[in-house]
Amino acid sequence: MKITKTFILGIIFIFAGILGGGLFAVANSLNIIAAELSEKTAPANITCGLILFILLGVAITGLIILLCDVFGDKERK
């Protein structure tokens, strides 16, 4: 199998989306724990959740690029 630029780009998008999404999920959990432990009430912070869904979209885009590259029609020379 010939590894092309789109194949590598798809893999990079998948790993970036999964790892980044996991890190932001952990950060969101730590933010919630810190808000519960503090005496002041902090306003709701949706930034981590929003970035999590954006990175999930990046991972899905990478999966689509990867599948199109692997199962797409190839011209034979």
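Preceding this section is the structure that the text describes.
Now for a description of the structure that goes with this document. (Residues numbered from 1 in each chain as written. Predicted model: local features only at pLDDT ≥ 70, side-chain atom pairs only at ≥ 80, totals over all residues. Heavy atoms only, no water.)

The subject of this paragraph is the overall build of the chain. What the chain contains, in helices and strands, is two helices and zero strands. Here the chain holds 77 residues, and 17% of them are scored as buried. By sequence separation, contacts in the chain at least 24 residues apart represent 85% of the contacts at least 6 residues apart. Of the roughly 6400 Å² that the chain leaves accessible, carbon and sulfur atoms contribute 73%. (Helix = DSSP H or I, 4+ residues; strand = E, 2+ residues; numbered from the N terminus. Buried < 20%, exposed > 50% of the residue type's maximum accessible area, 1.4 Å probe, protein only. Contact = heavy atoms within 4.5 Å. Areas by Shrake-Rupley, 256 points an atom, 1.4 Å probe, with all protein chains shown as cover.)

This part takes up helix α1 (residues 5-37). Between its first and last C-alpha, α1 extends 47 Å over 33 residues, near the 48 Å set by a 1.5 Å rise per residue. Listed in full, the buried residues belonging to α1 are Phe 7, Gly 10, Ile 14, Gly 17, Gly 20 and Gly 21. (Expected span 1.5 Å × (residues − 1).)

Positionally, Asp 69 belongs in helix α2 (residues 47-71). Residue Asp 69 is classed as buried on the basis of its relative accessible area of 15%. At a separation of 3.0 Å, a polar atom in the side chain of Asp 69 contacts the side chain of Thr 6. (Polar contact = N/O pair within 3.5 Å; in protein donor to acceptor, adjacent residues only side chain to side chain.)

The next subject is a nonpolar patch on the surface. The grouping of Val 26, Leu 30, Ile 33 and Leu 37 at the surface amounts to a nonpolar patch, some 420 Å² of accessible area in total. Inspection of the secondary structure puts Val 26 in helix α1. (Patch = residues over 30% accessible without salt bridge, like charges linked within 9 Å, V, L, I, M, F, W, Y side chains within 5 Å. Salt bridge = Lys/Arg side-chain N within 4 Å of Asp/Glu carboxyl O.)

Another point: the environment of Ile 60. Secondary-structure assignment places Ile 60 in helix α2. According to the relative accessible area criterion, Ile 60 is partly exposed, its value standing at 44%. Taking the C-alpha atoms as reference points, Ile 60 and Gly 10, 50 residues apart in sequence, are found 9.4 Å from one another.

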